[in-house]
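Single-letter residue listing:
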Amino acid sequence: MPRFLESDLIIDFPDDVNVVQLEKETEKVHGMQPVDFIFTHGDHTILLEIKNFRQRSDIKKITSETLAKQEIVPKARDSYSYLHLMLRDHNDFFLVFLFDSPLIEYIRPLLPVLNSSINRYLMKEAPEPWKRQYIKRSVIMTPENFTTYFPGISVTRK
Amino acid sequence: MIQRLELKDFTVFKSLEIDFSPGVNIFIGENGTGKTHVLKFLYSVIASCFQKIHPGTKLNNVFKPEASILRLVRRELVKPIYASFTVDTDSDAYAGEIFKSSSKPSLFSGFDKYLEQASDEKFLTRPIFIPTKELLADAAGFISLSREWKLTNSAVEVDFVSTVLLPPRQTTNSFPISTATLKQLQTAIGGQVVEEDQRFYIKDRTGLCEFSLSAEGHRRLAALLILIQKNLIDKDTILFWDEPENNMNPKLLMLLVEVLLELQRGGVQIFLATHSYVLLKLFDLLKQKKDHIQYHLLKFIMQENKKKKVEATRSDDYLGTTESAISEMYLKLYDMEIKRAFAK
Amino acid sequence: MIEKLFLSNFTVFESLEIDFSPGVNIFIGENGTGKTHVLKLLYSVLAACREKIHPGKKLASVFRPRGSIQQLVRRAPVLPLGATFRIETCDDVLEGEITKEAGKVSGFSSGFDPYIVADSVEEFSLRPVFIPAKELLADAPGFIPLYNYREISNSEIEFDFLNAAYLPELRKSSASAVTLKVIDILESALGGTVIREDQYFYLVVGPMKYEFSLVAEGHRKLAALLLMVRNGLLDEKSILFWDEPEANLNPQLLLPLIQSLLELERAGVQIFIATHSYPLLKEFDLQRKENALRYYALYKDEEGRVLCNPSDSYLYLHPNAITDHFDRIYDLELDRTLLSKV
């Protein structure tokens with residue numbers, strides 16, 4: 001059972017899921033910052049980025065524009081570039097942003113809006129929109145609902 | 001169905017060109033960008049043919065400008081001198097010019113064959129406009145008032161109440177929504193809608209509850225239900241609804257969106273103006289692959305001469321609307337909430 | 001200010017007891033939970049005293065039941081014999097009973113007498129102002145005489161509002177600092193000002209004058225508040241009732257609206273609002289400074305009885321029909337993205 005530690009969370013994957021920490025593969029590539037994990041789920045490849053915002057200093061990173069534009073989308077884009085160059089991009093890609101924060105209770109109703117912001121940058125970062133839709137869909141999840149949609153993968157707090 | 005609209009120098013629009021979807025057309029934009037005007041204008045054109053009323057008269061009765069429709073020409077100091085439009089449907093083409101100067105009469109073309117009282121040309125398309133003010137609490141009273149006095153109410157309000165009071169229509173067209181959905185509507189409203197002596201009631205276990213004492217949101221759904229039950233909404237209908245979200249709790253909106261999508265599948269072309277994030281999101285989440293939805297975003301653009309003009313962008317995709325003032329506002333709420341939470 | 005309300009068997013309420021905030025009171029709840037009825041009842045009772053008319057008559061002309069105010073008694077399988085209400089203000093206790101019993105007449109307590117009895121001179125200290133959900137300023141011309149002359153079935157709230165809108169403006173010299181500040185906020189949001197010529201209202205932007213029938217409904221909404229403030233109707237003796245202020249407003253215009261209301265509250269105006277809007281709730285919560293604010297969640301229990309949960313904090317407002325539904329939308333999005341066959 002592959003087990004990983006990311007911020008305050010322990011994530012256990014079942015044995016039959018092929019999960020990879022891309023960072024190990026890309027560490028020598030200058031300037032490439034991938035998402036935390038990739039794994040296969042049915043016909044899809046999931047790019048999983050986990051963020052834990054607890055410090056005061058995190059506030060700048062967590063505002064809607066910075067979060068989407070600087071924290072998440074560039075990592076998704078880099079991950080796609082890497083997998084594309086390695087001919088590992090056959091499946092459709094989904095981006096899952098696992099948002100772990102005590103703030104969730106204040107902003108849960110607004111998560112779909114934040115997701116639209118992520119989608120906006122996934123479609124367009126340069127003056128011209130991308131010609132290729134490299135991520136099929138994105139969602140924002142919390143540790144509480146993660147297992148509902150990915151049965152077998154457990155997310156618990158340290 | 002209405003396919004295309006071109007407006008020049010009409011109310012707030014310098015120049016507007018829109019190709020419409022045969023399904024649901026949703027207009028979004030800040031107050032003052034002309035959403036309601038587009039809906040009212042399209043309605044006026046179709047209703048003019050349907051009711052056999054001269055288009056100039058219909059525009060006047062719908063917009064209620066002071067004095068005359070000359071006031072509908074875009075207000076800049078000297079130019080423009082006239083407003084013009086073309087509307088293309090699948091069977092006809094309409095056009096017109098409205099001059100600012102009272103010495104030049106307005107010109108309309110494409111309408112004549114329907115306006116003739118003795119004409120054989122059957123105009124099949126029924127336009128229905130559901131206004132933001134639903135006056136059904138005393139429908140008959142309002143109609144008799146409007147017949148006796150020159151009220152300032154827009155014709156869309158009078159037309160709507162008159163339509164709801166019509167007797168059920170004989171038709172061979174099938175019901176545009178399923179029995180199951182009809183039942184859902186009734187459950188949400190709290191009972192069946194009943195009409196007695198031109199007054200409306202909601203009938204539940206305890207009896208008849210008059211409209212004036214029912215929740216406004218329920219009344220609006222009830223109005224829709226009445227129209228469907230009387231066969232006044234079917235595949236030959238074009239439905240215009242200005243801000244369907246008013247008085248609706250988000251839970252009720254979900255049912256409303258499902259009903260509208262079903263009507264669209266039944267062949268009804270729909271035009272909506274909205275301010276509601278929930279409505280937009282629900283359309284995006286509840287639509288099926290075969291549904292046609294198009295978003296028309298109206299925005300103010302600052303020109304070099306420091307004057308604002310309205311521009312329309314069209315998008316098939318909900319995400320294309322994320323540039324709108326509505327989603328920007330919600331993102332702002334998110335940012336403020338985060339800031340405040342961190343400050344604690 | 002209005003301090004307390006007790007209701008029994010009135011419209012959808014079996015029993016209701018509320019202690020109000022001296023500041024802003026916000027009601028949420030699904031359609032049919034009686035939000036508007038609470039506002040209308042409070043308004044009717046206060047307006048009756050202010051206008052020196054019989055409360056039964058005012059209730060009838062505000063609620064417009066067909067027949068008589070007996071229709072306001074709660075409809076249930078076992079019919080209650082009557083409805084009662086009790087409103088406590090800082091100076092008065094106003095009670096009434098609407099009876100369904102044959103042969104009995106509805107009664108209103110002696111608390112009303114100082115104001116409504118034929119030769120009374122005492123003036124009611126509170127001034128209720130109700131801004132209706134249906135914005136009427138474009139249809140104002142002719143409405144008042146028609147209402148007076150004919151039996152129109154519009155709620156008298158609309159008539160009262162238009163009468164207030166037609167009052168002359170206060171002189172700037174006698175306007176308070178708060179009044180001037182709020183006028184400024186609203187005029188900035190409108191991009192112009194509102195004028196009246198004869199019976200017609202216009203929005204004036206630069207050199208352009210737009211008749212209200214052509215002005216955006218959301219702008220007319222802001223104009224409604226502007227007129228009430230400018231005509232000197234909203235001061236510390238006033239109680240403002242506003243049913244769904246968010247209707248027709250693009251969410252961006254909510255901010256100036258809410259800022260204005262919070263300024264007015266600080267100046268002593270007690271405010272009652274019924275709403276369906278998440279951004280409105282959120283903005284109130286985010287913008288409030290030292291404002292007195294209380295929320296009320298109206299909801300139906302398993303037996304269909306309407307209950308009320310008050311809360312001074314937005315986060316603990318429960319059940320929150322609005323955010324519950326936003327949560328539902330969030331879940332729908334997850335389902336659609338991750339579970340459906342793409």
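Residues numbered from 1 in each chain as written. Chains lettered and ligands numbered in written order. Predicted model: local features only at pLDDT ≥ 70, side-chain atom pairs only at ≥ 80, totals over all residues. Heavy atoms only, no water.

A. Inspection of the overall build of chain B at higher detail. Within chain B, the regular secondary structure consists of 10 helices and 14 strands. Its C-alpha radius of gyration of 21 Å places chain B within 12% of the 20 Å reference for a compact globule of 344 residues. Dimensions of chain B, computed from C-alpha atoms along their principal axes, come out at roughly 70 × 65 × 40 Å. Looking at chain B residue by residue over its 344 residues, the buried ones come to 59%. Long-range pairs, those at least 24 residues apart, make up 66% of the contacts in chain B between residues at least 6 apart in sequence. Here chain B contributes 45 positive and 43 negative side-chain charges, whose respective centroids are spaced 3 Å apart. (Helix = DSSP H or I, 4+ residues; strand = E, 2+ residues; numbered from the N terminus. Rg over C-alpha atoms; globule rule 2.2 N^0.38 Å. Buried < 20%, exposed > 50% of the residue type's maximum accessible area, 1.4 Å probe, protein only. Contact = heavy atoms within 4.5 Å. Lys, Arg positive; Asp, Glu negative; His and termini not counted. Charge placed at Lys NZ, Arg CZ, Asp CG, Glu CD.)

B. Here's a closer look at the packing of aromatic side chains. A complete count under the given rule lists 47 aromatic pairs over all chains for this structure. Grouped by ring-pair contacts, the aromatic residues Phe10, Phe41, Phe63, Phe85, Tyr94, Phe108 and Phe111 of chain B constitute a single cluster. Positioned above the aromatic ring of Tyr202 of chain C is the side chain of Lys209 of chain C, whose terminal nitrogen or guanidinium carbon lies 4.5 Å from the ring centre. (Phe/Tyr/Trp six-rings, centres within 6.5 Å; stacked < 30°, edge-to-face > 60°. Lys NZ or Arg CZ within 6 Å of the ring centre and 35° of its normal.)

C. Main features of the interface of chain C and chain B. Residue-level contacts link 66 residues of chain C with 73 residues of chain B. Summed over both partners, the interface of chain C with chain B buries about 5800 Å², with 53% contributed by carbon and sulfur atoms. For the chain C face of the interface with chain B, the top three residues by lost area are Asn31, Arg75 and Leu214 of chain C, together amounting to 12%. Across the chain C-chain B interface, the total number found is 9 salt bridges. Linking Lys332 of chain B and Glu283 of chain C is a salt bridge whose minimum nitrogen-to-oxygen distance equals 3.4 Å. The interface formed by chain C and chain B includes 35 residue pairs in polar contact (both at pLDDT 80 or more). Among the elements of the structure, α4 (143-149), β9 (200-205), β10 (208-211), α7 (217-230), α9 (278-287) and α10 (321-338) of chain C are those that each provide at least two residues to the side of chain C that touches chain B. (Buried area = accessible area lost by both parts, 1.4 Å probe. Salt bridge = Lys/Arg side-chain N within 4 Å of Asp/Glu carboxyl O. Polar contact = N/O pair within 3.5 Å; in protein donor to acceptor, adjacent residues only side chain to side chain.)

D. View of empty space enclosed by the protein. Counting across every chain of the model gives 5 cavities of 30 Å³ or more. Forming the boundary of the largest cavity are 24 residues, of which Glu245 and Ser276 of chain B together with Glu246, His276 and Ser277 of chain C lie nearest the centre. Taken together, the residues that form the lining of the largest cavity break down as 14 nonpolar, 7 polar and 3 charged. What the second largest cavity holds in volume is close to 100 Å³. Thr132, Lys133, Glu134, Glu216, Asn246 and Asn247 of chain B together with Ala133, Lys134, Glu135, Glu217, Ala247 and Asn248 of chain C together form the lining of the second largest cavity. (1 Å grid on protein atoms, 1.4 Å probe; cavity = no way out; pocket = protein on both sides within 12 Å on 5 of 7 lines; lining within 4 Å. Points joined across faces, edges and corners; volume = space filled by probe spheres on them. Nonpolar A, V, L, I, M, F, W, Y, C, P; charged D, E, K, R; others polar.)

E. Geometry of the environment of Asn320 of chain C. Residues and elements named next belong to chain C. Locating Asn320 in the fold gives a position in the loop between β14 (306-311) and α10. Each C-alpha atom of the pair Asn320 and Glu30 lies 9.2 Å from the other, and the pair is 290 residues apart in sequence. Every residue in contact with Asn320, bar those within four places of it in the chain, is listed here: Ile28 and Tyr314.

F. Representation of the confidence of the model for chain B within the structure. Across chain B, the average pLDDT comes to 88, with 99% of residues at or above 70. Quick note on the complex model: pTM equals 0.89, ipTM equals 0.85. (pLDDT = per-residue confidence, 0-100.)

G. Structural context of the sheet that holds strand β8 (residues 192-196) of chain B. Residues and elements named next belong to chain B. The 3 strands are arranged β8-β9-β10 in an open sheet whose pairing can be described as antiparallel. In this open sheet, the two strands that pair with only one neighbour each are β8 and β10 (207-210). Neighbour to neighbour, the strand axes of the sheet diverge by 40 degrees on average, direction disregarded. Relative to strand β9 (residues 199-204), β8 is paired through 5 bridges, and the arrangement is antiparallel. Directly across from Gln192, in β9, lies its bridge partner Lys203. (Pairing = 2+ DSSP bridges. Axes fitted to C-alpha atoms, helices over the stretch in contact; angles between N-to-C directions.)

H. Just the pairing of strand β1 (residues 3-6) of chain A, in detail. All names here are of chain A. Going residue by residue along β1, you find Phe4 and Glu6 tucked away on one face and Arg3 and Leu5 left uncovered on the opposite face. Direction of pairing for β1 relative to strand β2 (residues 9-12): antiparallel, over a ladder of 4 bridges. Each residue of the ladder has a partner; that of Arg3, found in β2, is Asp12. Joining the antiparallel neighbours β1 and β2 is a turn of 2 residues, in which Ser7 adopts a positive phi near 50 degrees.

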